[in-house]
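Listed here are the chains, written in short residue letters.
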Amino acid sequence: MLVDSHCHLDPAYLPAGPDDVLKRAKAAGVGTFVCIGVGRSLDAARAAVALAGARDDVFATVGVHPHDAAKTDEDGYGEIATLAQKPRVVAVGEIGLDYHYDHSPRDVQTQVFRRMIALARQLKKPIVIHTRSAPADTLAILEEEKAREVGGIIHCFSEDRDFAERALDLDFDLSFSGILTFKNAHAIRDAARFAPDDRILVETDSPFLAPVPLRGKTCEPAYIVHTARCLAELRGQTFETIVRQTTANVAKRLDLRLPPG
Ligand SMILES: [Zn+2]
Ligand SMILES: [Zn+2]
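Residues numbered from 1 in each chain as written. Chains lettered and ligands numbered in written order. Predicted model: local features only at pLDDT ≥ 70, side-chain atom pairs only at ≥ 80, totals over all residues. Heavy atoms only, no water.

Colleague: Got a sec to walk through helix H2 (residues 43–54)? Specific residues and values, please.
Modeller: Here H2 contains 12 residues, and its C-alpha end-to-end distance of 16 Å stays within 8% of the 16 Å for a straight helix at 1.5 Å per residue. Of the residues making up H2, those classed as buried are Ala44, Ala45, Ala48, Val49, Leu51 and Ala52. Buried residues in H2, looked at end-on, bunch into an arc of 160 degrees, giving them a common side. Opposite the buried face of H2, by more than 90 degrees, sit the exposed residues Gly53 and Ala54. For H2, the elements touching its buried residues are strand E2 (30–37), strand E3 (58–62), helix H3 (74–84) and strand E4 (89–98). (Helix = DSSP H or I, 4+ residues; strand = E, 2+ residues; numbered from the N terminus. Expected span 1.5 Å × (residues − 1). Buried < 20%, exposed > 50% of the residue type's maximum accessible area, 1.4 Å probe, protein only. Arc of directions from axis to C-beta. Contact = heavy atoms within 4.5 Å.)

Colleague: Describe the sheet that holds E4, and please don't skip the residues or the numbers.
Modeller: With parallel pairing, eight strands are arranged side by side in an open sheet as E1-E2-E3-E4-E5-E6-E7-E8. At either end of the open sheet lies a strand with only one pairing partner, and these are strand E1 (2–7) and strand E8 (200–202). Taking the axes of each pair of neighbouring strands and ignoring which way they run, one obtains an average angle of 30 degrees across the sheet. As judged from the five bridges shared by E2 and E3, these two strands associate in the parallel manner. Across the sheet, Phe33 pairs through a bridge with Val58, a residue of E3. (Pairing = 2+ DSSP bridges. Axes fitted to C-alpha atoms, helices over the stretch in contact; angles between N-to-C directions.)

Colleague: Help me get a handle on the pattern of salt bridges, residues and values and all.
Modeller: Taken as a whole and judged by the stated rule, the model has 20 salt bridges. For Arg24, the salt bridge identified is with Glu220, shortest N-O distance 2.7 Å. Of this pair, Arg24 sits in helix H1 (residues 19–27) while Glu220 sits in the loop between E8 and helix H8 (224–235), and the two are 196 residues apart along the sequence. For Glu220, a relative accessible area of 11% corresponds to the buried category. Of the charged contacts, one joins Asp197 and Arg235 as a salt bridge, the two residues approaching to 2.7 Å between their closest N and O atoms. In this pair, Asp197 is assigned in the loop between helix H7 (186–194) and E8 and Arg235 in helix H8, connecting sequence segments 38 residues apart. (Salt bridge = Lys/Arg side-chain N within 4 Å of Asp/Glu carboxyl O.)

Colleague: Describe the coordination of the zinc ion (ligand 2), and please don't skip the residues or the numbers.
Modeller: Ligation of the zinc ion (ligand 2) by protein atoms is provided by His6 (NE2), His8 (NE2), Glu94 (OE) and Asp205 (OD), these donors lying 2.1 to 2.4 Å from the ion. Bound by four donor atoms, the zinc ion (ligand 2) shows angles of 88 to 176 degrees at the metal and therefore irregular coordination geometry. Donor residues binding the zinc ion (ligand 2) come from one chain and are separated in sequence as H-x1-H-x85-E-x110-D. When its relative accessible area of 0% is taken as the criterion, His6 is described as buried. Asp205 sits in the buried class, given a relative accessible area of 8%. (Donors = N, O, S within 2.8 Å, 3.2 Å for Na, K, Ca; no water. Tetrahedral: all angles 85-135°; square planar, octahedral: opposite > 155°, others 65-115°.)

Written as structure tokens, this is what we have:
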């Protein structure tokens, strides 16, 4: 069974709850979900933790997304730190820098990113990175803040092979989303071909970024199958190999206890 290493299942996106979406994913061969607890308010983090507590097949992360960096106050940080300690919270994230949208000022994004890395190191939990249009600063901060101590995942990998090499050196795995299936994603596809077998993951980032042939639809975890198939084709491996390898990789990276089989 596949693992969706990064999906958003909170009520902001699924007001009727995640049950139908998760049922369709199971039918498609997706057995486990890492639900990312970030959002405009702390409700997303609370919902992710609650869902992971209620279901064996869901794990959570919590953190402060760069989009929300300017909105989080000290009470918010306190609650994130408390939630991050829960046993089924497997990582701190997604955190990082987004210079494409710039929803928060860059200096605030930077401060929050550093603070979240410190939290992850304190809790000895891996980090899920969001980085967009900020490759040099992202790598510099990961280095300066000693993120290597805990390692983690570059989610929705959308950089090139050089960035991939540096991220791998910093002990970050590469997680590929539906963007991989876009024909013009040359640099990303190149990185996906080159990455070592034991450092590749797949994700949907649902409800965003539906893969080809479903591009433009509202993404959901079931669609990860198309991304995994694309990754197999690019690497000249079988779909079964990709399923087995990416599942083993994410389980190891996030210390997921998966059901046998
Ligand atoms: Zn992201
Ligand atoms: Zn995300």
